[in-house]
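Read off the chains here:
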Amino acid sequence: MFSKIRVLRTIIYFYVAIYFKIYASMIHLETPTEFSFEQTLRFLTRNQKECLHFVKNDQVFKTLSINNALVLFAISFDSGLQISIHSEQTDEKNIKIIKKYVSDWFDLEADLKTFYEVAQNDSVLKNLCQKFYGLRMIGMPDLFESLIWSIIGQQINLNFAYSLKEKLVQNFGQKLIFKDDVFYALPTPEKLASLNIEDFQPFQFSKSKAQYILNVSRAFAEGHLSQEMLAKLPFEEIRQKLVAIKGIGNWTANYSMMKSLKNYDAFPVEDVGLHNAVKTQYNLPAKPSIKELHSMSEKWAGWRGYATFYFWHSLLG
DNA sequence: TACCAGGATGTTG
DNA sequence: CAACATCATGGT
């Protein structure tokens, strides 16, 4: 009789432990009315070489470095976002950080209603908004990541850009192994700052591209530049501080401002993808000039970055 | 082979 | 300030 109670107690303990193991690390994140998980996945799966997140069975896997420790979590959708954390320690602090990260990443806080109202001024953009209803600007909550990614993407096609990023991440990034799968996170600024131009060349980086990446990495590693520092500043001051770094031009600055700093009006007007999308969507005989784009974009005032994102999305077909 | 790709910098008029 | 030249690297 005594041993039966012990067995029973053990069983109960076991299931209680399982319960907490599973449910203590399940997080629910409310989504706004204008939110489409389908469009989110469509964007996130746009390139097979993407190595900083992973999508399988409508679940998005992401590794995040929190206090120098990698944490893996998976996001799925079921009347709101469900986040499960696959990590040993998941304290309240980490949960808070992850919630904030996902909210920023999928841009859950943006006032999409107002964007859609503004889009009514432009029949072409209005059409895209109906087609991609609920698409939010999938961002990069980490400014360093968006700067590195946009420098990689300068003047080369996206496919090649993804393959350069893959090499950078796999060779210098942080690695986490979970159930025989390998998950990566971006190299730290310190790690990249410690490299030389020659270290990049075996991976097909041009010398200038490597130098630009070093410039940004060193600025971050040495504390001359940080996301917190910039986030407080007004639009033009942020842009100027970014452009002051050799290798960051207007396109890169605006790209990062829209993707990482929630400057929804940031407008990477030099973007070739935008040019192609606008040509197609407006049925123009040729790609628009920068001047023409500035003029067209007045209709999107306040939301030029969001409009750009929708035009990019139209390139997926 | 010439031209293109989610540009940036430097020089010239 | 705007137009041009040059830089690099791979893909088509």
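Cut-offs applied
Residues numbered from 1 in each chain as written. Chains lettered and ligands numbered in written order. Predicted model: local features only at pLDDT ≥ 70, side-chain atom pairs only at ≥ 80, totals over all residues. Heavy atoms only, no water. UniProt positions renumbered as here; feature names shortened; annotations may be inferred. Buried < 20%, exposed > 50% of the residue type's maximum accessible area, 1.4 Å probe, protein only. Helix = DSSP H or I, 4+ residues; strand = E, 2+ residues; numbered from the N terminus. Arc of directions from axis to C-beta. Contact = heavy atoms within 4.5 Å. Polar contact = N/O pair within 3.5 Å; in protein donor to acceptor, adjacent residues only side chain to side chain. Pairing = 2+ DSSP bridges. Core = buried A, V, L, I, M, F, W, Y, C linked by side-chain atoms within 4.5 Å. Domains from an automatic or database assignment.

Within an unreviewed UniProt entry, the label attached to chain A reads DNA-3-methyladenine glycosylase II, and the organism entered is Emticicia aquatica. Looking at chain A in UniProt, the text filed under Catalytic activity (unreviewed entry) is "Hydrolysis of alkylated DNA, releasing 3-methyladenine, 3-methylguanine, 7-methylguanine and 7-methyladenine."

Turning our eyes to something else, we now look at helix α5 (residues 123-131). Within α5, burial applies to Val-124, Leu-125, Leu-128 and Cys-129. Down the axis of α5, the buried set is contained in an arc of 140°. They therefore lie on one face. With respect to the buried face of α5, the exposed residues turned more than 90 degrees away are Ser-123, Gln-130 and Lys-131. At its buried positions, α5 is contacted by α4 (112-119), α14 (272-281) and α16 (304-314). Here α5 starts with a cap whose side-chain oxygen sits 2.9 Å from the backbone nitrogen of Val-124, and that cap is Asp-122.

What follows deals with the pairing of strand β2 (residues 53-56). Note that β2 and strand β3 (residues 59-66) share four bridges and pair antiparallel. Counted as the bridge partner of Val-55 is Val-60 from β3. Connecting β2 to the next strand, β3, in antiparallel fashion are two residues, including Asn-57 with a positive phi near 50°.

Before going further, it helps to spend a moment on the nonpolar core. Across soluble globular proteins, nonpolar side chains have a tendency to be buried as a group. Formed by 97 residues in total, the largest nonpolar core has its most connected members in Phe-106, Phe-115, Tyr-310 and Phe-311. Both domain 1 (2-109) and domain 2 (143-176 + 187-314) contribute no fewer than three residues apiece to this core. Residue contacts for Phe-106: discarding those within four places in its chain leaves Phe-35, Phe-37, Thr-40, Leu-44, Ile-75, Leu-81, Arg-136, Met-137 and Ile-138. Leu-72, Ala-74, Leu-176 and Phe-183 belong to the second largest nonpolar core, which has five residues in total.

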